[in-house]
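Commentary on secondary and tertiary structure
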Amino acid sequence: MSDVLAVTEHRRGELRDVSFEVITAGRNLADETGGDLHLAVIGGDTESFADSLNREGVDAVHTVSEGEEFDHDVYTQAVEALHADLDPEVLLMPNSVNGLDYAPAVANSLDLPLVTDAVGLDYDDGLTVTREMYGSKVETTVEVSGDQQAVTIRSAEWPAAEGVGDAEIAEFDVDIEADDGSVVTGFEEVGGGDVDISEADFIVSIGRGIEEEDNLPLIEDLVEATDATLASSRPIVDNGWLPKNRQVGQSGKVVTPTVYLAIGISGAVQHVAGMKGADTIIAVNTDPNAPIFDIADYGIVGDLFEVVPELIEEFE
Ligand SMILES: Cc1cc2nc3c(=O)[nH]c(=O)nc-3n(C[C@H](O)[C@H](O)[C@H](O)COP(=O)(O)OP(=O)(O)OC[C@H]3O[C@@H](n4cnc5c(N)ncnc54)[C@H](O)[C@@H]3O)c2cc1C
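What counts and what doesn't
- Residues numbered from 1 in each chain as written.
- Predicted model: local features only at pLDDT ≥ 70, side-chain atom pairs only at ≥ 80, totals over all residues.
- Heavy atoms only, no water.
- Pairing = 2+ DSSP bridges.
- Helix = DSSP H or I, 4+ residues; strand = E, 2+ residues; numbered from the N terminus.
- Axes fitted to C-alpha atoms, helices over the stretch in contact; angles between N-to-C directions.
- Contact = heavy atoms within 4.5 Å.
- Buried < 20%, exposed > 50% of the residue type's maximum accessible area, 1.4 Å probe, protein only.
- Parallel < 35°, antiparallel > 145°, perpendicular 65-115°, else oblique.
- Left-handed = near helix turned anticlockwise from the far one by under 90°.
- Nonpolar A, V, L, I, M, F, W, Y, C, P; charged D, E, K, R; others polar.
- Salt bridge = Lys/Arg side-chain N within 4 Å of Asp/Glu carboxyl O.
- Core = buried A, V, L, I, M, F, W, Y, C linked by side-chain atoms within 4.5 Å.
- Near = heavy atom within 4 Å.
- Polar contact = N/O pair within 3.5 Å; in protein donor to acceptor, adjacent residues only side chain to side chain.
- Areas by Shrake-Rupley, 256 points an atom, 1.4 Å probe, with all protein chains shown as cover.
- Patch = residues over 30% accessible without salt bridge, like charges linked within 9 Å, V, L, I, M, F, W, Y side chains within 5 Å.
- Right-handed = clockwise from strand over helix to strand, strands pointing away.

1. Digging into the sheet that holds strand S17 (residues 298-301)
Judged by pairing direction, the sheet is parallel, and its five strands sit side by side in the order S14-S13-S15-S16-S17 without closing on themselves. On the outer flanks of this sheet lie strand S14 (229-232) and S17, each paired with one strand and no other. Along the sheet, successive strands turn relative to each other by an average axial angle of 20 degrees, direction set aside. Judged from the five bridges that link them, strand S13 (residues 202-206) and strand S15 (residues 259-263) form a sheet pairing that is parallel. Each bridged residue has a counterpart across the sheet, and for Ser 205 the counterpart in S15 is Ala 262. Of the strands in this sheet, S13, S14 and S15 are in contact with helix H5 (residues 216-226), which crosses S13 at around 170 degrees. Across the sheet, helix H9 (residues 304-315) touches S15, strand S16 (280-285) and S17, and the angle it forms with S15 is around 145 degrees.

Quick look at the structure:
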C-alpha cells in the first residue's frame with residue numbers, strides 16, 4: 001500500500017495539460033513512498049488517451065470506457081472502484097472544476113482526508129501538502145494524517161511529464177450504477193467561443209488601464225498583429241467587456257504561455273496567481289511602482305495609448 005493513483009482529465013476529445021502534470025507530481029511522490037504510479041483515464045477515447053499518457057515513470061494506465069465527457073457518477077464510482085482494487089497510499093486528482101466536483105464525493109465515500117489545491121507534495125513517513133492562502137500571500141504546509149490520503153493538485157505547478165514510457169495498459173471493468181441524483185444533459189462551452197486561454201502560447205492581457213470598452217479595438221489590433229490570444233484581468237470581465245473565459249487569475253484561469261504581455265494591469269495577487277507561470281512576462285504600465293513590475297521580465301513604464309500603437313507598427 002505505497003502506490004500512488006492519479007486521475008487524468010480530458011475535454012472534447014483532448015487530454016488536458018493537468019493530465020501530464022499529475023504524472024510528474026505522482027511520479028515524484030511514488031519515488032518517495034517507494035511504490036508504483038497508476039493512472040486512471042475515464043471515458044472518451046480511452047485507448048488513444050492511454051497511449052498518450054504512457055509517459056516515462058508511469059507504471060500502469062487503467063482505462064474505464066464509460067461515456068464521452070465528464071460525468072460525476074461515472075467518475076465517482078470508477079475512482080472508488082479503482083481505489084478499492086489498487087489500495088494506493090495517495091490518490092491524486094486535478095484541482096479543476098471537474099476534479100473539485102468528484103474529489104470530495106470520493107474522499108467522503110472512502111473516508112479519506114482530502115487536501116485541495118496543492119502546489120507542493122512531500123512524503124517522508126507521512127504526506128505533507130503545500131497550499132497557498134490569502135490570495136497566494138502565504139504558504140502553508142499541511143501534515144495529512146491517516147494511512148491513505150486524497151489530494152487535488154493545482155494546474156501548472158508541476159511540469160508536464162515527457163518521454164515515452166512502458167506502462168501496462170489495461171481496461172478496468174466497473175459496473176456503473178445509474179443514479180437519478182444527477183443526470184448529464186449535454187456539454188456547453190462558457191460564452192466567448194471556443195478559445196481556451198489556458199492553452200495559448202502568446203497572450204495579450206488587458207486591465208483597467210484601458211479605461212473604457214471603446215478602447216478595445218486598439219488592443220484587438222495588437223492581438224491581430226502579434227497573432228496572440230486576448231485575455232484580461234477581472235474588472236474587464238466584471239464590466240462585461242470580455243466574456244468570463246478570458247479572465248486570468250484566482251477566480252479565472254491559470255495560464256502558462258511563452259509570453260504574457262500585461263497592458264494596464266496592476267498585478268494584484270489574485271491576478272498574478274493565474275499568470276505567474278508564464279515563461280516571459282512583459283508589462284506596460286504608467287505607474288513605475290505597480291506590483292506587476294516585481295514579477296515582469298521586461299517592463300515599459302508608459303501610457304498604453306502611446307505604447308500599443310508603436311508595438312502594432314513594429315509587429316506589422
Ligand atoms: C476573491 C477575489 C478574487 C479575485 N480574482 C481575480 C482574478 O481571477 N483575476 C483578476 O485579475 N483579479 C481578480 N480579483 C481582483 C483583484 O484583486 C484586482 O482588483 C484586479 O486584478 C485589478 O485589475 P487591474 O489590474 O486590471 O486593475 P487596477 O488594479 O485598477 O490596475 C490598473 C493599472 O493600469 C495602470 N494604468 C492606468 N492607466 C494606464 C495607461 N494609460 N497606460 C498604462 N497603464 C495604465 C495603472 O497604473 C494600474 O496599475 C479578485 C479579487 C478578489 C477579492
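There is more to say after this.
2. Quick notes on the sheet that holds strand S7 (residues 114-118)
Spatially, S7-S11-S6-S1-S4-S5-S12 is the arrangement adopted by the seven strands of the open sheet, whose pairing is parallel. In the strand order of this sheet, the two ends are held by S7 and strand S12 (168-171), each with one partner. Across the sheet, the axes of successive neighbouring strands diverge by a mean angle of 20 degrees, strand direction being ignored. Against the sheet, helix H4 (residues 99-110) makes contact with strand S1 (4-7), strand S6 (90-94), S7 and strand S11 (149-153), and its axis sits at roughly 155 degrees relative to S6, the strand it touches most.

3. Some remarks on unusual backbone geometry
Within the chain, Glu 211 stands out as a residue other than glycine whose phi angle is a positive 70 degrees. Residue position: Glu 211 is located in the loop between S13 and H5. Classification of Glu 211 as exposed rests on a relative accessible area of 56%. With a phi close to 55 degrees, Asp 227 is a non-glycine residue in the positive phi region. Here Asp 227 lies in the loop between H5 and S14.

4. Considering the packing of helix H3 (residues 72-86) against H4
For any two helices packed against each other, one specifies the inter-axial angle together with the distance between the axes. Between H3 and H4, whose axes approach to 9 Å, the crossing angle comes to 40 degrees. With respect to H4, the element H3 is oriented oblique. Our pair here, H3 against H4, has a crossing hand that is right-handed. Residues His 72, Tyr 75, Thr 76, Val 79, Glu 80 and His 83 of H3 form the contact with H4, whose participating residues are Asp 101, Tyr 102, Ala 105, Val 106, Ser 109 and Leu 110. Broken down by class, the residue content of the contact of H3 with H4 amounts to six nonpolar, four polar and two charged.

5. Some thoughts on the pattern of salt bridges
Across all of its chains, the model carries 10 salt bridges by this definition. Among the charged side chains, a network of salt bridges with common partners joins Glu 9, Arg 11, Arg 16, Asp 196 and Lys 253.

6. A short note on the pairing of S11
Side-chain positions along a regular strand alternate between the two faces of the sheet. Burial runs high along S11: five of the five residues are buried. Of the two faces of S11, both are covered, the one formed by Gln 149, Val 151 and Ile 153 as well as the one formed by Ala 150 and Thr 152. Pairing between S7 and S11: three bridges, direction parallel. Bridge pairing in S11 places Leu 114 opposite Ala 150.

7. Quick notes on the environment of Ile 23
Relative to the helices and strands, Ile 23 resides in helix H1 (residues 17-33). When its relative accessible area of 0% is taken as the criterion, Ile 23 is described as buried.

8. Observations regarding the nonpolar core
Among the nonpolar cores identified, the biggest contains 31 residues, and Leu 92, Leu 121, Leu 127, Val 151 and Ile 153 are the most heavily contacted of them. In this structure Leu 92 touches Val 4, Leu 5, Ala 6, Val 7, Val 22, Ala 25, Gly 26, Leu 29, Leu 121, Val 151 and Ile 153, once residues within four positions along its chain are discounted.

9. Things to note about the site of the ligand
Near the ligand, the surroundings consist of 25 residues, among which Arg 208, Ser 233, Ser 251, Ser 266 and Asn 285 are the closest. Contact between the ligand and Gln 250: an oxygen atom at 3.1 Å from a main-chain N or O atom of the residue. Measuring from a nitrogen atom of the ligand, one finds a side-chain N or O atom of Ser 251 at 2.6 Å. Surface burial for the ligand is 74%, taken as the share of its 990 Å² of free accessible area covered by protein chains. Going through the elements one at a time, helix H6 (234-238), helix H7 (269-275) and H9 are the ones with two or more residues in the shell around the ligand. Considering only residue class, the shell around the ligand consists of six nonpolar, 15 polar and four charged.

10. Regarding a nonpolar patch on the surface
Together, Met 133, Tyr 134 and Val 138 line one region of the surface with nonpolar side chains, adding up to about 290 Å² of accessible area. Relative to the assigned elements, Met 133 resides in strand S9 (residues 127-133). Exposure remark for Met 133: the relative accessible area of 31% places this residue in the partly exposed category.

11. With respect to the pairing of strand S4 (residues 37-42)
For S4, the tally of buried residues reaches six of six residues, placing the bulk of the element in the interior. Alternating positions in S4 separate into two faces, Leu 37, Leu 39 and Val 41 on one and His 38, Ala 40 and Ile 42 on the other, with burial throughout. Two elements, S4 and strand S5 (residues 60-64), share five bridges in a ladder whose sense is parallel. Residue Ile 42 lies in a different strand from S5, and its bridge partner there is Val 64. Read from S4 through helix H2 (residues 46-53) to S5, the crossover connection turns out right-handed.

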